[in-house]
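Fold and contact review
These are the residues of each chain, in order.
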Amino acid sequence: MAREFATCVEYGLSLSKRIYYGKEMTPAATAAMTRSVSEKSSDVAESYFPTAVMAYAVVSEPELVENPDVPSYQPYVHGRCEPPALIPLHMHGVVTMEIDCCFDHANVCFSGAWRVHCIKGNSKCDVRIAVPMGEQGSLLGVEVDVPGRSCHSQLIEAEDANYKEKVSKGGNGRLMRGSVYTFKIPQVEGGATVSIKVIWSQKLLYHEGQFSLNVPFSFPAFVNPVGKKISKREKILLNVSSGVGKEILCKSTSHALKELRREVGKMGFLYDAEVLTWSSADFSFSYNVYSKDLFGGVLLQSPLLRDIDDRQMFCFYLFPGNNQSMKAFRKEVIFIIDISGSMKGGPFESAKNGLLSSLQKLNPEDSFNIIAFKMDTYLFSSVMEQATEEAIIEATRWLNDKLTADGGTNILGPLKQAIKLLAETTNSIPVIFLITDGAVEDERDICNFVKGYLPSGGSISLRISTFGIGTYCNHHFLRMLAQIGRGHFDTAYDADSVDFRMQKLFTTASSIILADITVDALEHLDSLEQLLPFCIPDLSRGSPLIVSGRYSGNFPDPVKISGTLADMRKFTIDLKAQKTKDLPFDRVVGRRQIDLLTANAWLSGSKELEQKVGMDCVVVVMCVIIVSSCKPNSIDLLLRCRLQK
């Protein structure tokens, strides 16, 4: 899909050379515009893939390509474009972004305007909007204004009586690659201006006390309007709230930010500039919340006015700090890798490379094994192997020479084998790392089997992390399995990002410094609901731990947090509970809450939970879009968007 999109953009740019702008008014030549249309290399696809919010004229009839203001009466072009060409529209006026950061979460509100500069006056075409989002991006809402009408996103459920009709009017919305969402505005007249407001959420990356934000904001040269007198202005408002009440220190930024305000744990910045050309660099920003030792806190907040649930909200967090003497647990890791037919080619090679890179991150005192599966299973070794250089070389040879991708998918068999191999683990953390691109019929049975097994584990029970490749696999299943196994979940929608994302996930899942965490306050509340995740994960070097929920009663202060360290000593810390009013509490926990509740609704088949997810969506933002990355047949709850006149 991504390659087809890039090819359509490439052909659209070729068609746009027909446009006459007047004497001495020609667009600047770009390397991208001079490429051969027949070239199919991956760098071409990357050149035309959107790296900021973009708008494209969808052109099936080449004869419609014309300057709506200055007709040039070009010769008639025979034939049709199949698939339709995509001509990037020129961006006009003011581009604004408002970004709110709190904990490891950012909400981005982007506004811009594009002119249909390439279609004859009095003629019409569809306009396709592409919205690339940052790390684990999720689209929350869309508003579109065109002359004579406006559109907005709306939440609908699969059981809606008019579901099919609404989806058919939904602008052909789809997730294209990674976190790039596209949708269509039908029949926009040549010369019209399309104004778009998009809201999405994304995660901040965390490493050794530093948070990093990267927002797609790199516009290609061909979206700059032709003409010297056309004003172009960029405005970025950034609000940072660490949420932890500690001083934050700005480390780096891509754009010239002006500091507006500074308080303990909070900062505000503004970038506002007239520009000659639109930004050619993504917006990036990083800041430190430094502490040598592990630290945390508990935040309490009353429900918002629009919230239908009148119970109080809480959120407790732990940050790993930067104390290198706090050692990570020794690990016994089994990689379970899918080698079914759908993995053949790029997915298998990328997954294999990611697995081998992850093996290199093991310490010599760690042990590992590999189980490959399709309908049958294949073990690298009948026992756990020490992670020596020789063993890793042998595993590399086994993966390269002994395995081929073909056949069906059976996940439960290799999972049972891995559990049996790890049954006798002591003084270390047993970890299963499941990698798959497929969906199977017995996914609920697998979750229930693991849920039934885990209570019988040792002092530190099994951890399961999952990694999904592509859009075919059931991401709700993989997220739920990881939640039951107190592990982590991530996904890669394309083969190119598999290696990097696998390594990142494995680093987080395997660098545990505090395990079996308990919170004494939760036992003394009058009622507790929606503890998310419902199994409190471990604290890893690579990621803060954030747990949220609803409660009734008086929340104890201080709150005692207990856990187990790598040397098997008990660890306790008292955290102060404080009420807060000015943090975007609902936004911070909302995205995580929707993901986890949706996975719970999938597992339980609960209609009540499905309705709860829908209500939470509306609470997080007034108009919400949830883009499902699963096959419709593999989930019970499917929330989609539509564009409505």
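As annotated in an unreviewed UniProt entry, the chain is VWFA domain-containing protein from Populus trichocarpa.

A few words now on the overall build of the chain. Along its length, the chain carries eleven helices and 35 strands. Put simply, the chain has 645 residues, and 56% of those count as buried. Of the contacts made within the chain by residues no fewer than 6 positions apart, 77% connect residues no fewer than 24 positions apart. Just so you have it, the chain exposes about 27000 Å², and 49% of that area is on carbon and sulfur atoms.

Between helix α4 (residues 346-359) and helix α5 (residues 389-402), the least distance of the axes is 11 Å, while the angle of their chain directions is 175 degrees. Taken as axis vectors, α4 and α5 run roughly antiparallel relative to one another. Residues Phe348, Lys352, Leu355, Leu356 and Leu359 of α4 touch α5, and the partners they reach there are Ile392, Ala395, Thr396, Leu399 and Asn400. In the contact of α4 with α5, the residues fall into seven nonpolar, two polar and one charged.

Our next topic: the sheet that holds strand β9 (residues 174-177). Here five strands make up an open sheet; going across it, the order is β2-β1-β5-β10-β9 and the pairing antiparallel. This sheet does not close on itself; its edge strands, each paired only once, are β2 (85-88) and β9. Sheet twist, expressed as the average angle between the axes of neighbouring strands with direction ignored, equals 40 degrees. In this sheet, strand β10 (residues 180-189) lies alongside strand β5 (residues 124-132) in antiparallel orientation, the contact comprising eight bridges. Bridge pairing in β10 places Val127 opposite Ile185. Where helix α1 (residues 2-15) meets the sheet, its contacts fall on β1 (54-59), β2 and β9, and the angle it forms with β2 comes to roughly 65 degrees.

Here we come to the sheet that holds strand β13 (residues 210-215). Reading across from one edge, β12-β13-β18-β15 is the order of the four strands in this open sheet, with antiparallel pairing throughout. Each of the sheet's edge strands pairs with one partner strand only, and the pair in question is β12 (205-207) and β15 (249-253). In this sheet, neighbouring strand axes are inclined to one another by 20 degrees on average, regardless of whether the strands run parallel or antiparallel. Sheet topology note: the β13/strand β18 (residues 283-288) ladder contains six bridges and is antiparallel. Note on β18: the bridge partner recorded for Gln210 is Asn288.

All right, on to the pattern of salt bridges then. Counted by the stated rule, this structure contains 20 salt bridges. One salt bridge in this structure joins Asp104 and Lys203, with 3.4 Å as the shortest N-O distance. Here the residue Asp104 occupies a position in the loop between β3 (90-102) and β4 (105-115), and Lys203 occupies one in strand β11 (residues 193-203), the gap between them amounting to 99 residues. Of the residues examined, Asp104 reaches a relative accessible area of 4% and is grouped as buried. Judged by relative accessible area, which is 26%, Lys203 ranks as partly exposed. It is possible to trace a salt-bridge network through shared partners that takes in Glu135, Asp490, Arg501 and Lys504.

By size, the foremost hydrophobic cluster in this structure holds 95 residues, and its most contacted members are Ile99, Trp200, Leu238 and Phe283. If we ignore the near neighbours within four places in the chain, the residues touching Leu238 are Ile99, Cys101, Leu213, Leu257, Met267, Gly268, Phe269, Phe283 and Phe285.

Below, the discussion takes up the packing of aromatic side chains. If you walk through the whole model with that rule in mind, you get 23 aromatic pairs. Aromatic pair Phe5 and Phe49: ring centres 6.2 Å apart, planes at 70 degrees, arrangement edge-to-face. A residue pair is termed long-range when its members are at least 10 positions apart, and Phe5 in helix α1 and Phe49 in the loop between α2 (42-48) and β1 qualify at 44 residues. Assigned by exposure class, Phe5 and Phe49 land together as buried. Aromatic side chains Phe335 and Phe433 sit 5.8 Å apart centroid to centroid with 65 degrees between the ring planes, which places their arrangement in the edge-to-face category.

Parameters at a glance
Residues numbered from 1 in each chain as written. Predicted model: local features only at pLDDT ≥ 70, side-chain atom pairs only at ≥ 80, totals over all residues. Heavy atoms only, no water. Helix = DSSP H or I, 4+ residues; strand = E, 2+ residues; numbered from the N terminus. Buried < 20%, exposed > 50% of the residue type's maximum accessible area, 1.4 Å probe, protein only. Contact = heavy atoms within 4.5 Å. Areas by Shrake-Rupley, 256 points an atom, 1.4 Å probe, with all protein chains shown as cover. Axes fitted to C-alpha atoms, helices over the stretch in contact; angles between N-to-C directions. Parallel < 35°, antiparallel > 145°, perpendicular 65-115°, else oblique. Nonpolar A, V, L, I, M, F, W, Y, C, P; charged D, E, K, R; others polar. Pairing = 2+ DSSP bridges. Salt bridge = Lys/Arg side-chain N within 4 Å of Asp/Glu carboxyl O. Core = buried A, V, L, I, M, F, W, Y, C linked by side-chain atoms within 4.5 Å. Phe/Tyr/Trp six-rings, centres within 6.5 Å; stacked < 30°, edge-to-face > 60°.

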